[in-house]
Amino acid sequence: MEGDLDTVAGAKQVAARVNELGRFDAVIHNAAVGYRDAYRLTADGLPHVFAINTLSAYILTALIERPHRLVYLSSGMHHHADANLDDILWPPRP
């Protein structure tokens, strides 16, 4: 399924289109942008990396009819990442 995950409305539209197709055996979340992209805000006022890499997966998981299996893919960044929830939108970080 293709769609615009840059905004909350776009993620909701993707979820609605998925639900129109019926229940899936599995849903694989593989949408992401790189952290080396230039910092920019979405139409919702959120950093685009957060909106696409984190928020869209949450919205899709919440709104898509629950499949038998959910699979989330990610980069290897988790090996060296600092899970600092005090700065979840990254405004102080470069």
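Provided above is the structure to which this section pertains.
Reference entry: report on the structure contained in this document. Treat the numbers as computed from the prediction; the structure is a model and nothing was measured. (Residues numbered from 1 in each chain as written. Predicted model: local features only at pLDDT ≥ 70, side-chain atom pairs only at ≥ 80, totals over all residues. Heavy atoms only, no water.)

This paragraph deals with the pairing of strand β1 (residues 26–29). Burial along β1 is one-sided: the face carrying Val27 and His29 is buried and the face carrying Ala26 and Ile28 is not. Here 4 bridges tie β1 to strand β2 (residues 69–72), and the two strands are oriented parallel to one another. What sits directly across from alanine 26, in β2, is arginine 69. In this region the chain leaves β1, passes through helix α2 (residues 48–63) and returns to the parallel neighbour β2; the handedness of that crossover is right-handed. (Buried < 20%, exposed > 50% of the residue type's maximum accessible area, 1.4 Å probe, protein only. Helix = DSSP H or I, 4+ residues; strand = E, 2+ residues; numbered from the N terminus. Pairing = 2+ DSSP bridges. Right-handed = clockwise from strand over helix to strand, strands pointing away.)

Its axis deflected by about 40 degrees at leucine 55, α2 carries its strongest bend there. Taken together, the buried positions of α2 are occupied by His48, Val49, Phe50, Ala51, Ile52, Asn53, Ser56, Ala57, Ile59, Leu60 and Thr61. Those residues of α2 hidden inside the fold are in contact with α1 (8–20), β1 and β2. (Bend = angle between axes of the 7 residues up to and from the residue. Contact = heavy atoms within 4.5 Å.)

One can find asparagine 53 in helix α2. Filtering out sequence-adjacent residues up to four positions away, asparagine 53 remains in contact with Ala31, Ala32, Val33 and Tyr35.

Let us now look at α1. An ideal rise of 1.5 Å per residue puts 18 Å on 13 residues; α1 measures up with 19 Å between its terminal C-alpha atoms. Within the span of α1, buried status applies to Gly10, Ala11, Val14, Ala15 and Val18. Buried residues of α1, seen end-on, are gathered within an arc of 140 degrees and therefore sit on one face of the element. The exposed residues of α1 that point more than 90 degrees off its buried face are Gln13 and Glu20. Elements that come into contact with the buried residues of α1 comprise α2. Looking one or two residues past α1, glycine 22 carries a phi angle of roughly 100 degrees, positive in sign. (Expected span 1.5 Å × (residues − 1). Arc of directions from axis to C-beta.)

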